[in-house]
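# Structure assessment
So you can see what is in the structure, the chains are spelled out below.
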Amino acid sequence: MATNIHAIIAASIAVKQEILADSAFQQKVQDITDAVIHAFQSGKKVMFCGNGGSAADAQHLAAEFSGRFYKNRRALPSDALHCNTSYLTAVANDYSYDDIYSRLVDGTMEKGDVLMGISTSGNSPNIVKAFETARAKGIVTVGFTGAGGGKMKDLSDHLLNVPSTVTPRIQESHILLGHIICELTEAAIFND
């Protein structure tokens with residue numbers, strides 16, 4: 001039993017060590033952070049979307065901006081697009097589950113906003129459709145995916161394709177990378 005625990009922890013660390021050794025990947029994290037800082041400083045918002053565990057990560061990261069990370073400071077305009085269950089169930093029922101995010105992107109987001117989509121495969125139809133809508137509106141798209149990037153690869157202005165094909169290892173890295181972006185953004189905007 002302890003061997004399995006050790007192996008799982010080691011596998012998680014190995015993915016993060018690969019990211020740690022990749023300066024180009026780290027530059028992508030900085031580029032995303034710069035885009036998020038620019039959006040907030042320009043009066044724009046940063047929205048998140050995901051499914052399942054990735055929806056939980058989306059909600060978590062949005063709360064780091066709209067709540068706080070380390071500092072007591074004003075709220076930043078950020079939310080996860082799935083938080084209104086009446087909307088979610090109505091649109092999924094009346095249209096399609098694939099439309100739940102694209103309709104909100106179309107109705108509530110504008111040019112210069114940032115949309116962060118989290119999908120381990122990069123192929124979640126509802127996020128792909130949301131990114132297509134975002135691209136048409138001039139909204140900056142940030143994809144958090146696994147190694148290949150899936151369909152989101154070509155729709156992302158910025159792509160963090162974690163070097164793994166194992167869903168839990170990808171998700172563990174997504175929350176690490178999201179936390180880095182939140183921490184650096186907060187420090188840059190509230191640098192008192």
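Notes on the structure follow. Residue positions are given per chain, counted from 1 along the sequence in the order it is written. The predicted origin of the model limits local features to residues at a pLDDT of at least 70 and limits the giving and counting of side-chain atom pairs to 80 or more, whereas totals for whole chains, interfaces and linings rest on all residues. Note: side-chain values were computed over all heavy atoms of the structure, leaving out hydrogens and water.

### Focus: the overall build of the protein chain
Counting from the N terminus, the helices are the DSSP runs of H or I reaching at least four residues and the strands are the DSSP runs of E reaching at least two. A count of helical and extended segments in the protein chain gives seven helices and five strands. N-terminal to C-terminal, the α/β element order of the protein chain is α-α-β-α-β-α-α-β-α-β-β-α. Only C-alpha atoms enter the radius of gyration; for comparison, a globular chain is expected to reach 2.2 Å times N to the power 0.38, where N is the number of residues. The C-alpha radius of gyration computed for the protein chain amounts to 16 Å, which stays within 12% of the reference 16 Å derived for 192 residues, consistent with globular compactness. With the C-alpha coordinates aligned to their principal axes, the bounding extent of the protein chain is approximately 50 × 45 × 30 Å. Here's how the labels work: a residue is buried when its accessible area is under 20% of the maximum for its type, exposed when over 50%, partly exposed in between, all with a 1.4 Å probe on protein chains only. Residues classed as buried in the protein chain amount to 46% of the 192 residues present. Computed with a 1.4 Å probe, the accessible areas rest on the Shrake-Rupley method; for each residue, only the protein chains presented here act as cover. Total accessible area on the protein chain stands at roughly 9,200 Å², and carbon and sulfur atoms take up 53% of it. His residues and chain termini do not enter the charge count, which takes Lys and Arg as positive and Asp and Glu as negative. By convention, the point assigned to a charge is CZ for Arg, NZ for Lys, CD for Glu and CG for Asp. Of the side-chain charges in the protein chain, 16 are positive and 20 negative, and the distance between the mean point of each set is 2 Å.

### Overview of the side chain of Ser119
Tracing the sequence through the fold places Ser119 in the loop between strand 3 (114–118) and helix 6 (125–137). For Ser119, a relative accessible area of 2% gives the class buried. Whenever two N or O atoms come within 3.5 Å, that pair is a polar contact, provided that in protein one can donate a hydrogen and the other can accept it, and provided that, for residues adjacent in sequence, both atoms are side-chain atoms. Within the structure, the side chain of Ser119 is placed 3.0 Å from the backbone nitrogen of Gly122, a separation counted as a polar contact. For Ser119, the side chain forms a polar contact with the side chain of Ser124, separated by 2.9 Å. Setting aside residues up to four positions removed in sequence, Ser119 forms contacts with Ser54, Ser124, Ile127, Phe144, Thr145, Gly146, Met152 and His174. Contacts were defined at the residue level, with two residues in contact if any of their heavy atoms lie within 4.5 Å.

### Some details on the packing of aromatic side chains
Stacked, tilted and edge-to-face pairs are distinguished by plane angle, under 30 degrees for stacked and over 60 for edge-to-face with tilted covering the rest, among Phe, Tyr and Trp rings (Trp via its six-membered ring) whose centres lie within 6.5 Å. Applying the stated criterion across every chain yields a total of three aromatic pairs. Here Phe69 and Tyr70 contribute two aromatic rings whose centre-to-centre distance is 4.9 Å and whose plane-to-plane angle is 85°, an arrangement assigned as edge-to-face. Given a relative accessible area of 16%, Phe69 falls into the buried group. A network of ring pairs unites the aromatic residues Phe40, Phe48 and Phe65 as a single cluster. Geometrically, a charge over a ring is one whose NZ (Lys) or CZ (Arg) sits within 6 Å of the ring centre while staying within 35 degrees of the ring normal. One cation-aromatic arrangement involves Arg103 over Tyr95; the distance from NZ or CZ to the ring centre is 4.2 Å.

### Focus: the sheet that holds strand 4 (residues 140–145)
Across the sheet, five strands lie side by side as 2-1-3-4-5; this open sheet has parallel pairing. Two strands close off the open sheet at either side, each with one partner strand: strand 2 (78–80) and strand 5 (158–161). Going from strand to strand, the sheet's axes swing by 15° on average, the running direction of each strand aside. Two elements, strand 1 (residues 46–50) and strand 2, share three bridges in a ladder whose sense is parallel. Considered in strand 2, the bridge of Val46 is made with Ser78. The convention used is that axes are lines fitted to C-alpha atoms, helices contributing only their stretch in contact, and that angles between N-to-C directions extend from 0 to 180 degrees. Where helix 7 (residues 167–189) meets the sheet, it contacts strand 3, strand 4 and strand 5, and its direction lies at approximately 140° from that of strand 4. Two strands qualify as a pair provided DSSP detects at least 2 bridges between them.

### Brief notes about the nonpolar core
Among buried residues, the Ala, Val, Leu, Ile, Met, Phe, Trp, Tyr and Cys ones that are joined through side-chain atoms within 4.5 Å form a nonpolar core. With 32 residues, the main nonpolar core has Phe65, Met116 and Ile181 as its most contacted residues. Residue assignment for this core shows that the elements contributing at least two residues are helix 1 (2–20), helix 2 (23–41), strand 1, helix 3 (53–66), strand 3, strand 4 and helix 7. Considering each element in turn, this core owes the most residues, seven residues, to helix 2. Not counting residues up to four positions away in its chain, the partners in contact with Ile181 are Val29, Ile32, Thr33, Val36, Phe65, Met116, Phe144 and Leu160. In this structure, Leu81, Tyr87, Leu104 and Val128 belong to the second largest nonpolar core, which totals 20 residues.

Just geometry here; none of it tells us what the structure is for.
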